[in-house]
Amino acid sequence: MVNPEGVLKSAPMTVSERILEIKQFLQQTPIFQDLVEEQLSALANIAIPQTYKRGETLFLEGDEGTGLFIIKSGRIKVFKVATGGKEQILHIFETNEHFAEVPALDGGHFPASAAAIEASEVMFIPGTAFLMVLQQNPLLAISMLKTFARHMRKLAHLVDTLSFTEVPERLANYLLNLSDKFGNIEVVELNLPKGQLAALLGTIPETLSRTFYKLSQDGMIEINGTTIRLCDRDRLISLGQKK
């Protein structure tokens, strides 16, 4: 297709092409990779693609839980906000990960809020349709149980971290985990704005900035904007293990 300026434009995607694209995406996600063709087609027909700008809210705590979400691109944070306005990020979900399964299954309200950290595309699966597929596929039910177990472990770890460690220990572990994620690299790039990182680590931006400065003064790290060099991994590990 050519527009008046002579520039080639792709033709709009037909309904069947869109459903096929959704089906191919669902098939490659860990949660749905064991479904048979018929079940994948059923999900693809009711899945709703949604896009969100950075900072845009998917749902708020207390909203009716109508289904679950699978991330096609971008990152989504699930968080709670205290009465005074302080935010605590519970988890950050990335491509191919899914969340909000509990309200999708029990029909209750969302127990936390969710918002896009960056421009994101998700697939929304209505809860009623998801339950029908779940009843037809024992492997999917087992996969969901494993998902719940992983989420419980992460929440238990978060409670332990916030209850028994201080901000320097939390920051040390965050930097080490970021390094490990990319093969124990020495120089890491912060993957969150410092305000969001503070919310993830259970503190406020001012305290986080002071902690960065203290680790830098102690020779454990070097800071250049959002680039952090881990100068003394052994001391960071020792700090992260401190209780």
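The structure this text deals with has already been given above.
Small disclaimer: the values here were computed from a predicted structure and weren't measured. (Residues numbered from 1 in each chain as written. Predicted model: local features only at pLDDT ≥ 70, side-chain atom pairs only at ≥ 80, totals over all residues. Heavy atoms only, no water.)

## So, the sheet that holds strand β10 (residues 221–224)
Stage number 1. Strand order across the open sheet formed by 3 strands is β9-β11-β10, with antiparallel pairing between neighbours. Single-partner strands in this sheet number two, and they are β9 (187–189) and β10. In this sheet, adjacent strand axes meet at a mean angle of 20° when their direction is disregarded.
Stage number 2. Sheet topology places β9 next to strand β11 (residues 227–230); 3 bridges connect them, and they run antiparallel. From the neighbouring strand, E189 faces β11, where its bridge partner is T227.
Stage number 3. Of the strands in this sheet, β10 and β11 touch helix α8 (residues 205–217), which is tilted by about 125° from β10. (Pairing = 2+ DSSP bridges. Helix = DSSP H or I, 4+ residues; strand = E, 2+ residues; numbered from the N terminus. Axes fitted to C-alpha atoms, helices over the stretch in contact; angles between N-to-C directions. Contact = heavy atoms within 4.5 Å.)

## Side note on unusual backbone geometry
Stage number 1. Even without glycine at this site, N96 takes up a positive phi of about 75°.
Stage number 2. What makes N96 partly exposed here is its relative accessible area of 23%.
Stage number 3. A positive phi angle, near 70°, is found at A100, a position not held by glycine.
Stage number 4. For A100, the location among the structural elements is in the loop between β6 (98–99) and α3 (101–106).
Stage number 5. Residue A100 is classed as buried on the basis of its relative accessible area, which comes to 13%. (Buried < 20%, exposed > 50% of the residue type's maximum accessible area, 1.4 Å probe, protein only.)

## Some details on the packing of aromatic side chains
Stage number 1. The full count for this structure, using the stated rule, is 7 aromatic pairs.
Stage number 2. The interplanar angle of 70° and the centroid separation of 6.2 Å between the aromatic rings of F32 and F130 together place this pair among those described as edge-to-face. Taken together, the positions of F32 in the loop between α1 (15–28) and α2 (37–46) and F130 in helix α4 (residues 127–136) put the pair 98 residues apart, joining distant regions of the chain. Each member of the pair F32 and F130 is classed as buried.
Stage number 3. In this structure an aromatic cluster arises from ring pairing among F59, F69, F93, F99, F110 and F124.
Stage number 4. One cation-aromatic arrangement involves K72 over F25; the distance from NZ or CZ to the ring centre is 6.0 Å.
Stage number 5. Over the aromatic face of F212 sits the side chain of K194, whose NZ or CZ is 4.8 Å from the ring centroid. (Phe/Tyr/Trp six-rings, centres within 6.5 Å; stacked < 30°, edge-to-face > 60°. Lys NZ or Arg CZ within 6 Å of the ring centre and 35° of its normal.)

## Digging into the pattern of salt bridges
Stage number 1. Enumeration over the complete set of coordinates arrives at 11 salt bridges.
Stage number 2. Salt-bridge contacts for D180 lead to R233; the nearest nitrogen and oxygen are separated by 3.5 Å. Taken together, the positions of D180 in helix α6 (residues 167–181) and R233 in helix α9 (residues 233–240) put the pair 53 residues apart, joining distant regions of the chain.
Stage number 3. Take R233: its relative accessible area is 25%, and that puts it in the partly exposed class.
Stage number 4. Each of E21, K72 and E121 takes part in a single network of salt bridges with overlapping partners. (Salt bridge = Lys/Arg side-chain N within 4 Å of Asp/Glu carboxyl O.)

Scope: geometric values only; no functional claims are made or implied.
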